[in-house]
Amino acid sequence: MLMNEQIKINIEKIRTQIKEAEIKAGRKAGSVKLLAVSKFHPVEAVYDAIAAGQMDFGENRVQEACSKFPEVFQKFPEAKLHIIGQLQTNKVKKAVEIASMIESVDRIELVKEIEKQCARLEKKIEILLEFHTGEESKSGFKTEESLEETLEYISSGNAPHIIPRGFMTMAPFTDDEEKIRKSFSIMKQTAEKMQARFKNFNLDELSMGMTHDFEIAIQEGSTEVRVGTAIFGQRI
Ligand SMILES: *Cc1c(COP(=O)(O)O)cnc(C)c1O
């Protein structure tokens, strides 16, 4: 298998762009992590990214993740996988086996199922709560009350295997920069509110920003950008 030099070039370019965005936003160097979203790309593309020093990956679908990542982990135990796509309850068992973080927790029932499966495995897992901040209908908790209810549930000791680390959001698909910015800034404000309320958790992770809007997300406080297309090219 030939090494796809382009993936390495793309990753280096994005790392530079992240650094520049951190400086521009007056943020500490290295405060934004890059998650490489490898969905719809073959496992060889994952290896090309690893060869460029990229160890953190995101996948949308559990089934696809399970077809690629077990062999990746065997060769590179330090690689990490985050599940970022909408998660059906019946996929949770597989998801918690393979992932170190689930970013797309969007309902309290999912928390209960993750807890159940993690207890079975005696494994702890980090989660992000996905919050709906865009205009069009998308996944994610729709209200602050529902976020609070879920954090309260975990905080009360009902889910000892779950470590809430923060929040994830997707901005609306638009070229309107102000709309995108507003979506990220709502997320940041909501996250700060939740952190003030739940001081027993460390809710400092904000997963926001994709290929088209990660620089805006960094200005608005993102700590992790999820980039697919700009690394691996168009999805087929
Ligand atoms: C596909 C996907 C991404 C990456 O999108 P790109 O535009 O290709 O960078 C990020 N986050 C989520 C939740 C996704 O589904």
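That block above? That's the structure.
Since the model is a prediction, treat every value here as computed from it, not as a measurement. The residue numbers shown here count from 1 along each chain, following its written sequence. Given that this is a predicted model, residues contribute local features only at a pLDDT of at least 70 and side-chain atom pairs are listed and counted only at 80 or more, while totals for whole chains, interfaces and linings are drawn from all residues. Side-chain numbers come from the whole structure's heavy atoms, not from hydrogens or water.

### A few points about the packing of aromatic side chains
Okay, step 1: Each aromatic pair joins two rings of Phe, Tyr and Trp (for Trp, the six-membered one) with centres within 6.5 Å, and gets the label stacked for planes under 30 degrees apart, edge-to-face for over 60, and tilted for any other angle. Throughout the structure, instances matching the rule amount to four aromatic pairs.
Okay, step 2: Between Phe57 and Phe69 the ring centres are 5.8 Å apart and the planes differ by 55°, which places this aromatic pair in the tilted class. Of this pair, Phe57 sits in strand S2 (residues 56–59) while Phe69 sits in helix H3 (residues 62–75), and the two are 12 residues apart along the sequence. The burial state of Phe57 is the same as that of Phe69; both residues are buried.
Okay, step 3: Here the aromatic rings of Phe69 and Phe73 are separated by 5.8 Å at their centres, their planes lie at 45°, and the arrangement is tilted. Of this pair, Phe69 and Phe73 both sit in helix H3, four residues apart, roughly one helical turn.
Okay, step 4: Residue class for Phe69 comes out buried when judged on its relative accessible area of 0%.
Okay, step 5: Burial classes: relative accessible area under 20% of the type maximum marks a residue as buried, over 50% as exposed, and values in between as partly exposed (1.4 Å probe, protein chains only). Phe73 sits in the partly exposed class, given a relative accessible area of 22%. Think of it this way: any DSSP run of H or I at least four residues long counts as a helix, any run of E at least two long counts as a strand, and we number them from the N terminus.

### Some remarks on helix H5 (residues 108–121)
Okay, step 1: Take the residue count of a helix, subtract one, and multiply by 1.5 Å to get its expected span. A rise of 1.5 Å per residue sets the reference length of H5, with its 14 residues, at 20 Å; its end C-alpha atoms lie 20 Å apart and thus fit the reference within 8%.
Okay, step 2: Within H5, burial applies to Ile108, Leu110, Val111, Glu113, Ile114, Glu115, Gln117 and Cys118.
Okay, step 3: Looking one or two places after H5, you find Glu122, whose phi comes out positive at around 50°.

### Observations regarding the site of the ligand
Okay, step 1: By convention in these notes, a residue is near a molecule or strand provided one of its non-hydrogen atoms lies within 4 Å of it. Near the ligand the following residues occur: Val37, Lys39, Asn60, Ile84, Met170, Met210, Thr211, Arg226, Val227, Gly228, Thr229 and Arg235.
Okay, step 2: The term polar contact refers here to a pair of N or O atoms within 3.5 Å; inside protein, the definition further demands a hydrogen-donor-capable atom paired with an acceptor-capable atom, and it admits residues adjacent in sequence only when both atoms are side-chain atoms. Between the ligand and Gly228 there is a distance of 2.8 Å, counted from an oxygen atom to a backbone nitrogen or oxygen.
Okay, step 3: Note that an oxygen atom of the ligand is positioned 2.5 Å from one of the side-chain N or O atoms of Thr229.
Okay, step 4: Residue-level accessible areas treat just the shown protein chains as cover; the underlying method is Shrake-Rupley with a 1.4 Å probe. In the complex, 94% of the free accessible area of the ligand, which totals 390 Å², lies under the protein chains.

### Things to note about unusual backbone geometry
Okay, step 1: Its identity as a non-glycine residue notwithstanding, Phe40 has a phi of 70°, on the positive side.
Okay, step 2: Tracing the backbone shows Phe40 in the loop between strand S1 (33–37) and helix H2 (43–51).
Okay, step 3: At Glu122, a residue that is not glycine, the phi angle is positive and equals roughly 50°.
Okay, step 4: For Glu122, a relative accessible area of 72% translates into the label exposed.

### Focus: the pattern of salt bridges
Okay, step 1: By convention in these notes, a salt bridge is any Lys or Arg side-chain nitrogen within 4 Å of a carboxyl oxygen on Asp or Glu. On inspection of all chains with the given rule, the structure shows 18 salt bridges.
Okay, step 2: The partner of Glu64 in a salt bridge is Lys68, with the nearest N and O atoms 2.9 Å apart. On the criterion of helical spacing, the pair formed by Glu64 and Lys68 is a turn pair, its members being four residues apart in helix H3. As far as burial versus exposure is concerned, Glu64 and Lys68 are alike and both buried.
Okay, step 3: For Lys116, the salt bridge is made with Glu113, and the minimal N-O distance between the two is 3.9 Å. Of this pair, Lys116 and Glu113 both sit in helix H5, three residues apart, roughly one helical turn.
Okay, step 4: Take Lys116: its relative accessible area is 54%, and that puts it in the exposed class.

Remember, this is a structural readout, not a statement about activity or role.
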